[in-house]
Amino acid sequence: MRIDVHAHYWTDDYLDLLVDLGKADAGAAQGLGAGAGAELEARLRLMDRAGVQMQVLSACPQLPYGEDGKKATRAARFVNDQYAELVQRHPDRFRAFAALPMPHPDESIGELRRALDELGMTGVAMNTTVLGRALVAPEYEPVFAELNSRGAVLYLHPAGNSACSPLIADYHLTWMVGAPVEDTISIMHLITHGIPARYPNINIINSHLGGALPMLLQRADDQYAWEAPDTPEPPSVAARRMWYDTVGHGHVPALRCAIDSFGADRLLLGTDFPYENGDTFVRAVDYINDPQVDTTAAQAILDQNASALLGIGQERQGTASSPVRTR
């Protein structure tokens with residue numbers, strides 16, 4: 001089944017809650033095509049055009065992160081309820097990753113349980129940082145422990161904070177360069193802090209082909225012992241415990257590098273809708289079938305890996321589960 005794991009969805013009502021929470025840039029996300037009504041109908045037509053059968057929706061980077069725990073929890077419940085209702089209306093086209101009211105661990109664990117147990121959501125979405133704090137900060141360990149105890153899927157997406165660097169933010173590079181830098185830093189934080197090894201039951205999906213990581217794996221293997229000596233296993237081993245979406249803006253050499261670095265079984269179709277829309281959305285799918293990409297690898301990436309990892313649509317394929325979940 002062809003499942004797109006990197007697709008954004010939010011409504012104006014939800015974005016208004018984020019503005020009230022203090023997320024100043026949330027209003028700018030209105031009108032991009034990620035909403036309900038006519039925008040949703042246009043999305044479905046575009047999915048049909050590109051041959052995408054299902055999207056797993058997330059609110060990243062517009063997540064309900066804020067210092068006010070009550071407002072953050074209200075916004076998280078609001079968007080998760082919206083997602084549950086949308087999935088109920090379109091069960092053959094959509095699933096969703098839950099939003100959590102970070103940086104509040106107790107409230108986040110409570111909403112995580114509600115989203116997975118009561119709303120039946122596919123997993124959890126988080127940004128690569130929480131209000132500028134690394135995901136591996138000690139106060140977030142209970143959230144990882146809860147995800148691990150459930151064997152949950154955790155989808156990670158850049159926060160859009162320029163990796164907290166003025167060299168990125170002040171030079172108009174927040175999304176062109178900053179987003180994949182955020183991906184790269186976040187993944188290396190996970191690796192050097194042993195998250196994949198300590199929480200082996202969490203199925204972590206990273207965005208954008210893993211940022212620059214495919215080109216840095218050997219460098220990391222060569223240098224981690226002296227720069228980050230507490231890293232519990234070689235970075236290349238830890239990296240291959242996780243998954244990566246294929247959002248690479250149609251750049252086939254980057255896709256091939258990720259396949260060679262991680263293995264085709266670790267890549268999942270992603271489109272970055274609505275930021276990749278129209279012909280660009282179609283290209284986000286079609287470039288995986290480029291003649292330079294092995295056809296068996298392309299078939300796994302497009303139609304097998306996400307279905308097996310998420311447990312969606314396998315009955316339609318008439319096959320047993322793939323070994324993709326094996327670590």
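Placed above this text is the structure.
Residue positions within a chain follow its written sequence, with the count starting from 1. Where totals are concerned, whole chains, interfaces and linings use all residues; where local detail is concerned, this predicted model gives features only for residues with pLDDT of at least 70, and gives and counts side-chain atom pairs only at 80 or more. For side-chain calculations, the full set of non-hydrogen atoms in the structure is used, while hydrogens and water are omitted.

K.L.:
Could you give an account of the packing of helix α9 (residues 213–227) against helix α11 (residues 252–262), with specific residues and numbers?
P.N.:
The angle between two axes is taken between their N-to-C directions and runs from 0 to 180 degrees, where each axis is a line fitted to C-alpha atoms and a helix contributes only its stretch in contact. In this description a helix means any DSSP run of H or I spanning at least four residues, a strand means any run of E spanning at least two, and both kinds are numbered starting from the N terminus. At a minimum axis separation of 8 Å, α9 and α11 run at an interaxial angle of 40°. Here Leu-213, Pro-214, Met-215 and Leu-217 of α9 come into contact with α11, specifically with Cys-257, Ala-258, Ser-261 and Phe-262. For the contact of α9 with α11, the residue count by class is 7 nonpolar, 1 polar and no charged. The contact criterion used throughout is that any non-hydrogen atoms of two residues lie within 4.5 Å. Any residue outside Ala, Val, Leu, Ile, Met, Phe, Trp, Tyr, Cys, Pro, Asp, Glu, Lys and Arg is labelled polar, Gly included; the first ten of those are nonpolar and the last four are charged.

K.L.:
Run through unusual backbone geometry, naming residues and quoting values.
P.N.:
Note the cis peptide between Met-102 and Pro-103, where omega equals 10°. As for its position among the elements, Pro-103 is in the loop between β3 (94–98) and α4 (105–118). Residues Phe-273 and Pro-274 are joined by a peptide bond in cis, for which omega reads 5°. For Pro-274, the position within the fold is in the loop between β10 (267–268) and α12 (279–286). Here Leu-131, not a glycine, exhibits a phi torsion of approximately 50°, which is positive. Looking at the element boundaries, Leu-131 is found in the loop between β5 (129–130) and β6 (133–134). Exposure categories follow from relative accessible area, calculated using a 1.4 Å probe and restricted to protein chains: below 20% of the type maximum is buried, above 50% is exposed, and the middle band is partly exposed. Residue classification places Leu-131 among the partly exposed positions, given a relative accessible area of 43%.

K.L.:
Please provide a residue-by-residue account of the pattern of salt bridges, values included.
P.N.:
One speaks of a salt bridge when a side-chain nitrogen belonging to Lys or Arg is within 4 Å of a carboxyl oxygen belonging to Asp or Glu. Taken as a whole and assessed by the stated rule, the structure comprises 15 salt bridges. Between Glu-141 and Arg-198 there is a salt bridge, with its nearest N and O atoms 3.2 Å apart. With Glu-141 in helix α5 (residues 141–150) and Arg-198 in helix α8 (residues 195–198), the pair connects residues that are 57 residues apart, well separated along the chain. For Glu-141, a relative accessible area of 22% corresponds to the partly exposed category.

K.L.:
Can you tell me about the layout of surface pockets, naming the residues and giving the values?
P.N.:
Estimates place the volume of the largest pocket at around 720 Å³. Of all the secondary structure elements, the ones that give two or more residues to the lining of the largest pocket are α7 (174–192), α9 and α11. Here the lining of the largest pocket is built from residues that sort into 21 nonpolar, 10 polar and 3 charged. Of the pockets and cavities examined, the second largest pocket occupies roughly 280 Å³. Residues are called lining when one of their atoms sits within 4 Å of a cavity or pocket point, these points coming from a 1 Å grid over the protein atoms alone, where a cavity is a set in which a 1.4 Å probe fits but cannot get out and a pocket is an open set with protein on both sides within 12 Å along at least five of seven lines. Around the second largest pocket, the lining is made up of 16 residues, and of these Lys-23, Asp-25, Leu-131, Ala-159 and Asn-161 lie nearest the centre. Broken down by class, the residue content of the lining of the second largest pocket amounts to 7 nonpolar, 7 polar and 2 charged. Grid points are joined across faces, edges and corners, and a volume is the space filled by probe spheres set on the points.

K.L.:
Could you give an account of empty space enclosed by the protein, naming the residues involved and the relevant values?
P.N.:
The tally for this structure, following the rule as stated, stands at 1 cavity of 30 Å³ or more. Taken as a whole, the largest cavity spans an internal volume of roughly 40 Å³. Taken together, Leu-17, Asp-20, Leu-21, Lys-71, Arg-74 and Ala-75 form the lining of the largest cavity. For the lining of the largest cavity, the secondary structure elements donating two or more residues are α1 (12–21) and α3 (69–89). Of the residues belonging to the lining of the largest cavity, the class tally is 3 nonpolar, no polar and 3 charged.

These figures come from the coordinates and say nothing about function on their own.
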